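Understanding the architecture of this molecule
What follows is each chain in one-letter form.
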Amino acid sequence: MKSGKISEAILKRSVLKQLHIENAATVVASSVGEDCGAVKLEKACQVAISSDPIFGDLDDPKALAERTVLRAINNLAAAGATPLGLSVVVLLPTSAKEPQLRKLMEELERAAKAFSMDILSGHTEVTRSVSQCIVMVTAMGKANEVVRTSGVKPGMDIVVSKWIALSGTLQLLERKKEALREHFSQPFLNQAKKLEVCLPILSEAAVAVSSGVSAMHDVSEGGIFGALWDMAEASGVGLEIDLKKIPIRQETVEICEYLGVNPYKLVSGGSLLMATEDGLGLVRELENHGIPCALIGKATHGNDRVLINEDERRFLETPQKDEIYLVE
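Residues numbered from 1 in each chain as written. Predicted model: local features only at pLDDT ≥ 70, side-chain atom pairs only at ≥ 80, totals over all residues. Heavy atoms only, no water.

Attention now moves to the overall build of the protein. Across its full length, the protein holds 10 helices and 14 strands. For the protein, the C-alpha radius of gyration of 21 Å lies close to 20 Å, the compact-globule estimate for 328 residues. A principal-axis box enclosing the C-alpha atoms of the protein has dimensions of 65 × 55 × 35 Å. A total of 328 residues make up the protein; the buried ones form 50% of that total. Partitioning the contacts of the protein with sequence separation of at least 6, the portion at a separation of at least 24 is 84%. Of the roughly 15,700 Å² of accessible surface on the protein, a fraction of 49% belongs to carbon and sulfur atoms. A distance of 6 Å separates the average location of the 36 positive side-chain charges in the protein from that of its 44 negative side-chain charges. (Helix = DSSP H or I, 4+ residues; strand = E, 2+ residues; numbered from the N terminus. Rg over C-alpha atoms; globule rule 2.2 N^0.38 Å. Buried < 20%, exposed > 50% of the residue type's maximum accessible area, 1.4 Å probe, protein only. Contact = heavy atoms within 4.5 Å. Areas by Shrake-Rupley, 256 points an atom, 1.4 Å probe, with all protein chains shown as cover. Lys, Arg positive; Asp, Glu negative; His and termini not counted. Charge placed at Lys NZ, Arg CZ, Asp CG, Glu CD.)

Below, the structure written as structure tokens:
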């Protein structure tokens, strides 16, 4: 397609035609000439907004759409917010074809509808400035009171849901497909692929909010080590974390070990980090709702962020580049 803003004809047939408004809260939605979407809110609600870009391959629009939408929605969930709607910006290289755009919009619509959300607004453009597709999703949600990452106090328990490095494991399955097939059995790889159903964190976030959680943070890029650092830094507290209590799937352990990847520094969408006065109570409540979780440590006074591995104690480092970028 030619550089510049998508023509009105392409906008109508390959973008807007793929979008359907179903949320009763939607007041204004995407259409020709409308630059802003709008939703109705109840009184005394707070609005949470999260944006995330994803660079991806137009040959796999389903994965690109799902990753982008899920990352933005998980950020909302970690703020204790209920998703309301999305704004989507798509930047395409000049090599992109209109059918690829149409398919991407279909997949974005499907990904949004999986969370009962409408795509309210957006922008689509072809530009020579990019060599691959960039999708930017801005998600909006509502909450009685937004839960902050910075709400941790010394003495609070630190809890993590499900298992770390879930989304990273799935990305490794795609990036190193052939190498992994040569080393692992197909049933093993199929079992690892099933972890994708664990990626949304809305369920554990809702349980945590109803249980009076004090702080939450989506464990995404930078892995569990990055998320722990972010939460401690935002709150101005120290940490004592038992490394062996951090939950991790055996599939992740074996795949990461084979590829030479550190799972504790690997993108971990699907896991939620929480801080609370009563960690055991939160663990029980989450498990009563069928959500695996673990109490992994405590917040402390001061700035020391300590990882404990049996008799060894070492300091948590400032977040480094995510391990997923080290895998070609």
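Looking now at unusual backbone geometry. In this structure, A165 takes a positive phi of about 60° despite not being glycine. The buried category is assigned to A165, whose relative accessible area is 0%. Located in the positive-phi region is E310, a residue other than glycine, with phi close to 60°. You can see E310 is positioned in the loop between β13 (305-309) and β14 (312-315). We classify E310 as exposed; its relative accessible area is 62%.

Attention now goes to the pattern of salt bridges. Taken as a whole and judged by the stated rule, the model has 19 salt bridges. Here R102 makes a salt bridge to E98, at a shortest N to O gap of 3.3 Å. Here the residue R102 and the residue E98 both occupy positions in helix α3 (residues 98-113), the gap between them amounting to 4 residues, near one helical turn. For E98, a relative accessible area of 14% corresponds to the buried category. A salt bridge links E196 to K193, with the shortest nitrogen-to-oxygen separation between them at 3.5 Å. Ionic contacts of the salt-bridge type, sharing partners, join the residues K103, E106, E107 and R110 into one network. (Salt bridge = Lys/Arg side-chain N within 4 Å of Asp/Glu carboxyl O.)

This brings us to the state of the cysteines. Applying the stated criterion across every chain yields a total of 0 disulfides. C293 takes part in no disulfide bond, and the closest cysteine sulfur, belonging to C198, lies 13 Å away. (Disulfide = S-S within 2.5 Å.)

This next bit is on the packing of aromatic side chains. The relative placement of two aromatic rings is captured by the distance of their centres and the angle of their planes. Taken as a whole and assessed by the stated rule, the structure comprises 3 aromatic pairs. Between F184 and F188, the aromatic rings sit 4.7 Å apart at their centres with planes inclined by 15°, giving stacked as the arrangement. F188 shares its class with F184; the two are buried. Their ring planes at 20° and their centres at 5.4 Å tell us that F225 and Y264 sit as a pair that is stacked. Within this pair, whereas F225 is found in helix α8 (residues 223-235), its partner Y264 is found in the loop between α9 (250-259) and β11 (271-276), the two being separated by 39 residues in sequence. Owing to a relative accessible area of 7%, F225 belongs among the buried residues under this scheme. You can call Y264 buried: its relative accessible area is 18%. Members of the aromatic cluster, joined through ring pairs, are F184, F188 and Y258. The ring of W163 has R249 lying over it, and the distance from NZ or CZ to the ring centre is 4.8 Å. (Phe/Tyr/Trp six-rings, centres within 6.5 Å; stacked < 30°, edge-to-face > 60°. Lys NZ or Arg CZ within 6 Å of the ring centre and 35° of its normal.)

Further remarks concern the pairing of strand β7 (residues 133-143). Looking at chain direction, strand β4 (residues 46-56) and β7 are connected through 11 bridges and run antiparallel. Across the sheet, residue D52 finds its bridge partner in β7, namely V137. (Pairing = 2+ DSSP bridges.)

This brings us to the sheet that holds β11. Ordered by their spatial adjacency, 7 strands build an open sheet running β9-β11-β8-β12-β10-β13-β14, and the pairing between neighbours is mixed. Only two strands of the sheet have a single partner each, and these edge strands are β9 (215-219) and β14. Adjacent strand axes in the sheet meet at a mean angle of 25°, parallel and antiparallel pairs treated alike. Pairing of strand β8 (residues 157-161) with β11, which is carried by 4 bridges, proceeds in the antiparallel orientation. Bridge pairing links V159 to M274 in β11. Packing of α8 onto the sheet brings it into contact with β8, β9, β10 (238-242), β11, β12 (293-300), β13 and β14, and relative to β9 it is tilted by some 150°. Against the sheet, helix α10 (residues 279-288) contacts β8, β11 and β12, and its axis sits at roughly 160° relative to β12. (Axes fitted to C-alpha atoms, helices over the stretch in contact; angles between N-to-C directions.)

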